[in-house]
Amino acid sequence: MFKKTLLCVACAVALNTVTSTNSFAAAMADTNHFWWPESLNLSPLRAHDMRSNPYGNDLNYADAFSKVDLKALKADIEKVLTTSQDWWPADWGHYGGLMIRMAWHSAGTYRVHDGRGGADGGQQRFEPLNSWPDNVSLDKARRLLWPIKQKYGHSVSWADLIILAGNVALESMGFETLGFAGGRVDDWEADNVYWGAETVMLGNKERYKDGKLEKPLAAVQMGLIYVNPEGPNGSGDPLAAAKDMRESFGRMAMNDEEIVALVAGGHTLGKAHGAHPVDCVGPEPAVAPTEQQGLGWKNKCGKGNAEDTMTSGLEGAWTATPTAWSILFLDNLFRFEWEQVKSPAGATQWKPVEEAAQTLVPDAHVEGKRNPPMMFTTDLALKKDPEFRKIAERFWKNPKEFDHAFAKAWFKLTHRDLGPRARYLGSEIPEEVFIWQDPVPAVDHKLIDAADVANLKAAILKSGLSIPELVKTAWASASTFRGSDMRGGANGARVRLEPQKDWAVNDPEGLAKALTTLEKVQADFNASLSDGKKVSLADVIVLGGAAAIEEAAKQAGHTVEVPFTAGRGDATAEMTDVHSFAVLEPMADAFRNYYSNTSYGSPTEMLIEKADLLTLTVPEMTVLVGGMRALGANAGDSKHGVLTDKPATLTNDFFVNLLNMSTNWQKSADMEGVYEGLDRATGEKKWTATSVDLIFGSNSELRAVAEAYATDDSKEKFVSDFVAAWTKVMNLDRF
């Protein structure tokens, strides 16, 4: 089973066990993966089918959002924030804290290793996120916003609305945000994301391997966004919590300063809720009774809300002004001594020792009642950990610096997965450009035309670079793209910069040779142009791949033109965060038959992972693998899977020879992970391959597609489909 991108299968099975009360429903749960759990799962490549989308292909969200009056929308949201509803009364008459938590938890699932999670898509509406224990009662926040969504309809996605509500909440309570960018398009089904192998919520025994958190995960326990606020497994140990915070927040793209700013800023407003024992709370939305209409966690104790609310199990507010921005969180943290106590729900938290502090905070619902402030164990980590403390004390003594740090960290948290600034929409986009946005210089020159493109292709083919060298260079540049967070891609030509130029998968020496040659072609060509026209190296790299494919197709007897549109820019080293880009390094790239032992899945699992990140369909993945093998584009010039006697020629030979019954495949006795194809008649070794190659013959669904490309009448279709899939990859980052 490809567990790495599957949606918490064990959790889904557990839910089926609860809800399937008749034999028919139980039988429906027995899928092929139930019977054959080791079979390769192709479902990630079929996810988010347009048939799930009620708008289909008709909605241009960017166009619709551009017509929205953002000021009016924000005014409508603010009215919701300050209009308390009897069915879910607002703390101190203001829903700001709830909305900040909702936005935080929507964006906070983002993780750097695979770019998955985050606010884009509005995944918080679906299982498992809408039923995670860390998201208790956020279903109420979305219901409070429903009148806004109903009013603006398709012009404002849930994904944008959730983040904007967090911004409006902060601004309503006196904080000045950096701004807001729309552009998050809603999903219509749960995303296929691997959240961990645990079969119970809040478990974490499976995700720690040899004491290290499994990649690509970021949360330390199943069902949490970041870390356990009570400390690791409820330990109440601030220093152990600090270690978890660095690990978890770091995997969500945050450094120490951003961690301190987010924790202190996020806990300046609102409160935690743990007024009753946990057995007062009913089931989560995914298994709540039908009559609750998607609302979960019904509380049977007291009134079930207001002063009787149960969410995290922790209880209380951090400051005396929980609906007004202040420096009081840090002031309380350092001014008071804190002792460990238990909340009414039994959770570990902290209260001030000082008598004067016991009545600082007005109760959220009971008039005249006053309470002490409280802190989480993760809050105390900011005081106990030496490095966190230095930053927190600096912020405490310099409130304006704290405000600015939180504003930047909040904007990064809520916009990190939206991708490049080119995707940003609206009138509140900050002017400041941040390095985590992977900036690429805007094109400030006249673009080359069709005649220039033809001349440049000819120059590239005469440069001395081979077809495989050109194809590998273009693929190395473009295939870094991740559809999960819109990072990477050919735009910027970062393949020539650290760290990408030194990645093992890119064959650094061969890549350097190709880039040096292409840079000379670019320089000579630009010198020959007039009228202000220029071509970037990023465009030359992509065009080199196109020229090579056209030549390889010509050698196979096909005349094709690979579509090309100029306009890419060349980023500089100063625009590139080396540490941030390091996480894009492929630990496996099945399209180049590359696999390293640092991968977090088997070679065939990582084939699906890479194809999924490249937003490929099953046929696109299949035709690209077959074409790349025929073109000889393997990393390290490996011959594994190059099932042709005419390499660098764009033929369907990979599929023809893979499916030829004259070949008998067996595991190699000399090389682990390698298979040898022997002539059945003579026993002579004809080919070598990896499991990634052979999966197209052994997996029934992939074999069906491979057969379609292996037929005698599919040669032109194979070339045409390869060109289309290749062009898609080259243009994935052109927004």
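Residues numbered from 1 in each chain as written. Predicted model: local features only at pLDDT ≥ 70, side-chain atom pairs only at ≥ 80, totals over all residues. Heavy atoms only, no water.

Here the focus is helix α11 (residues 328–335). With six of eight residues buried, α11 lies mostly within the body of the structure. Taken residue by residue, α11 has Phe 329, Leu 330, Asp 331, Asn 332, Leu 333 and Phe 334 as its buried positions. Buried-residue contacts for α11 involve α10 (256–266), β6 (338–342), α12 (377–384), α13 (386–397) and α14 (399–415). (Buried < 20%, exposed > 50% of the residue type's maximum accessible area, 1.4 Å probe, protein only. Helix = DSSP H or I, 4+ residues; strand = E, 2+ residues; numbered from the N terminus. Contact = heavy atoms within 4.5 Å.)

Moving on to the sheet that holds strand β14 (residues 674–679). Paired through backbone hydrogen bonds, the strands of a sheet run either parallel or antiparallel to each other. The three strands are arranged β13-β14-β15 in an open sheet whose pairing can be described as antiparallel. A strand with exactly one partner marks an edge of an open sheet, and here the two such strands are β13 (663–667) and β15 (685–690). Sheet twist, expressed as the average angle between the axes of neighbouring strands with direction ignored, equals 30 degrees. (Pairing = 2+ DSSP bridges. Axes fitted to C-alpha atoms, helices over the stretch in contact; angles between N-to-C directions.)

α13 packs onto α12 with a crossing angle of 85 degrees between their chain directions and a minimal axis gap of 5 Å. Relative to α13, the element α12 is oriented roughly perpendicular. Where α12 abuts α13, its residues Ala 381, Leu 382, Lys 383 and Lys 384 lie against Pro 386, Phe 388, Arg 389 and Ala 392. Among the residues making up the contact of α12 with α13, the classes are represented as five nonpolar, no polar and three charged. (Parallel < 35°, antiparallel > 145°, perpendicular 65-115°, else oblique. Nonpolar A, V, L, I, M, F, W, Y, C, P; charged D, E, K, R; others polar.)

Glancing now at the packing of aromatic side chains. Under the counting rule described, the total for this entry stands at 30 aromatic pairs. On the basis of an interplanar angle of 40 degrees and a centroid distance of 5.9 Å, the ring pair of Phe 411 and Phe 434 is categorised as tilted. Residue Phe 411 is found in helix α14, and its partner Phe 434 is found in the loop between β10 (425–428) and α15 (450–461); the two are separated by 23 residues along the sequence. The pair formed by Phe 411 and Phe 434 is uniform in burial state, with each residue classed as buried. With 5.9 Å between their ring centres and 35 degrees between their planes, Trp 475 and Trp 726 make a pair best called tilted. (Phe/Tyr/Trp six-rings, centres within 6.5 Å; stacked < 30°, edge-to-face > 60°.)

Looking now at the pattern of salt bridges. Pairing is possible between side chains that carry opposite charge, provided their charged atoms lie close to one another. On inspection of all chains with the given rule, the structure shows 46 salt bridges. Taking the shortest distance from any N to any O, the salt bridge between Arg 46 and Glu 701 comes out at 2.7 Å. Taken together, the residues Arg 46 in the loop between α3 (32–35) and α4 (61–66) and Glu 701 in helix α24 (residues 700–710) connect sequence positions 655 residues apart. Salt-bridge contacts for Arg 246 lead to Asp 256; the nearest nitrogen and oxygen are separated by 3.1 Å. Separated by 10 residues along the polypeptide, Arg 246 in helix α9 (residues 238–250) and Asp 256 in helix α10 bring together distant segments of the chain. Note on Asp 256: relative accessible area 22%, which makes it partly exposed. Among the ionic contacts, a cluster of salt bridges with common partners joins Arg 111, Asp 114, Arg 116, Glu 609 and Asp 612. (Salt bridge = Lys/Arg side-chain N within 4 Å of Asp/Glu carboxyl O.)

Evaluated as defined, the whole model comprises one disulfide. Between the sulfur atoms of Cys 280 and its disulfide partner Cys 301 the distance amounts to 1.8 Å. When the S-S torsion is -80 degrees, as for the bridge of Cys 280 with Cys 301, the disulfide is left-handed. Remark: Cys 301 occurs in the loop between β4 (271–272) and β5 (316–317) and Cys 280 occurs in the loop between β4 and β5; sequence separation between them is 21 residues. Judged by relative accessible area, which is 4%, Cys 280 ranks as buried. (Disulfide = S-S within 2.5 Å.)

Tracing the backbone through its elements, the reader meets Asp 186 in the loop between β1 (180–182) and β2 (208–209). At a separation of 2.8 Å, a polar atom in the side chain of Asp 186 contacts the main-chain amide nitrogen of Trp 158. A polar contact of 2.9 Å, which involves the side chain of Asp 186, links it to the backbone nitrogen of Ala 159. Among all residues touching Asp 186, those that are not within four sequence positions of it are Gly 121, Gly 122, Arg 125, Lys 149, Ser 157, Trp 158 and Ala 159. (Polar contact = N/O pair within 3.5 Å; in protein donor to acceptor, adjacent residues only side chain to side chain.)

This paragraph deals with unusual backbone geometry. The omega angle of the peptide bond from Glu 127 to Pro 128 is 5 degrees, so this bond is cis rather than trans. Looking at the element boundaries, Pro 128 is found in the loop between α6 (96–107) and α7 (138–152). Backbone geometry at Asp 531 places phi at a positive 60 degrees, although glycine is not the residue there. Relative to the assigned elements, Asp 531 resides in the loop between α17 (508–528) and α18 (537–555).

Mean pLDDT over the protein chain stands at 94; residues scoring 70 or higher make up 96%. Every residue in residues 1–27 scores below 50 in pLDDT, and together they form 54 contacts with partners more than four places removed in sequence or on other chains. (pLDDT = per-residue confidence, 0-100.)

As judged from the five bridges shared by β13 and β14, these two strands associate in the antiparallel manner. Along β14, the bridge assignment pairs Asn 664 with Leu 678. The antiparallel hairpin formed by β13 and β14 contains six residues in its connecting segment, where Gly 673 sits at a positive phi of about 80 degrees.

It is the contact of helix α16 (residues 467–478) with α17, at a shortest axis distance of 10 Å, that shows an interaxial angle of 95 degrees. Of the possible angle classes, the one that applies to α16 and α17 is roughly perpendicular. Note on element contacts: α17 touches α16 through Leu 511, Lys 513, Ala 514, Leu 515 and Leu 518, opposite Glu 469, Leu 470 and Thr 473. For the contact of α16 with α17, the class distribution of residues is five nonpolar, one polar and two charged.

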